[in-house]
Amino acid sequence: DTEVTQTPKHLVMGMTNKKSLKCEQHMGHRAMYWYKQKAKKPPELMFVYSYEKLSINESVPSRFSPECPNSSLLNLHLHALQPEDSALYLCASSQDGTSGSGETQYFGPGTRLLVL
Amino acid sequence: LAKTTQPISMDSYEGQEVNITCSHNNIATNDYITWYQQFPSQGPRFIIQGYKTKVTNEVASLFIPADRKSSTLSLPRVSLSDTAVYYCLVGGGNRDDKIIFGKGTRLHILP
């Protein structure tokens, strides 16, 4: 199974809402990632978890809060977002996160987020 | 992390071989070169990875010259379904490498 699943597929939220994005993989990977992708732009790395510990935070605003309950699950908690946060949010996993972009990453289909 | 430069877009025709070149002049000794494909509204998909010379899999070939300052992704006999954005990433020497997707190449296959 080389699949990374993400839920929900689409999400519309107001600026005062709290919502969560979920990601799951069953490949035995020990690294998981969150990316943000705006239209016609490349994915931008937000967070990396390696062995359930946050290893990289690319200076992401605190209104985005990642959580890794176990090695198979990754959440992104959203609170007080702004309209400019509307984007495709991608989750990925890889072997263990010790080789940066040298590790093959397996991406989910993404959650399309719209902030009103 | 080595910066990468790719053509912004390319057009080709069905059945042709397509070569997309990526420049990475300051690639480090331990860096790998990795290519991903992305269709609209989907996550990127790993295509191929190499370190030197030539790598081939069932989807593509990757050619890397001796100085490793560039690499070429070769897609044999493309079809309409190969229309996508192709990203070249360079890195992987260590855990602290920043993972940066370049601007990518938008490949448009014409019938």
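These numbers were taken from a predicted model, which means no experiment stands behind them.

Draft legend 1. Region of interest: the state of the cysteines. All names here are of chain A. For the structure shown, the criterion picks out two disulfides over all chains. Each sulfur of the disulfide joining Cys23 and Cys91 lies 1.8 Å from the other. Because the sign of the S-S torsion sets the handedness, a value of about -75° for the bond joining Cys23 and Cys91 places this disulfide among the left-handed ones. Taken together, the residues span a long stretch of sequence, with Cys23 in strand E3 (residues 18-25) and Cys91 in strand E9 (residues 87-94) at a distance of 68 residues. Each member of the pair Cys23 and Cys91 is classed as buried. Left without a disulfide partner, Cys68 is nearest to the cysteine sulfur of Cys91, which lies 9.2 Å away.

Draft legend 2. Representation of the interface of chain A and chain B within the structure. Facing the 26 residues of chain A at the interface are 25 residues of chain B. Taking both sides of the interface into account, the surface hidden between chain A and chain B amounts to around 1900 Å²; carbon and sulfur atoms contribute 52%. When the area that chain A buries against chain B is broken down by residue, the three leading residues are Pro42, Ser101 and Phe107 of chain A, summing to 26%. Where chain A meets chain B, there are zero salt bridges. Counting across the interface, chain A meets chain B through five residue pairs in polar contact (both at pLDDT 80 or more). Elements that contribute at least two residues to the side of chain A that touches chain B include exactly strand E4 (31-37), strand E5 (44-50) and E9 of chain A.

Basis of the calculations
- Residues numbered from 1 in each chain as written.
- Chains lettered and ligands numbered in written order.
- Predicted model: local features only at pLDDT ≥ 70, side-chain atom pairs only at ≥ 80, totals over all residues.
- Heavy atoms only, no water.
- Disulfide = S-S within 2.5 Å.
- Helix = DSSP H or I, 4+ residues; strand = E, 2+ residues; numbered from the N terminus.
- Buried < 20%, exposed > 50% of the residue type's maximum accessible area, 1.4 Å probe, protein only.
- Contact = heavy atoms within 4.5 Å.
- Buried area = accessible area lost by both parts, 1.4 Å probe.
- Salt bridge = Lys/Arg side-chain N within 4 Å of Asp/Glu carboxyl O.
- Polar contact = N/O pair within 3.5 Å; in protein donor to acceptor, adjacent residues only side chain to side chain.

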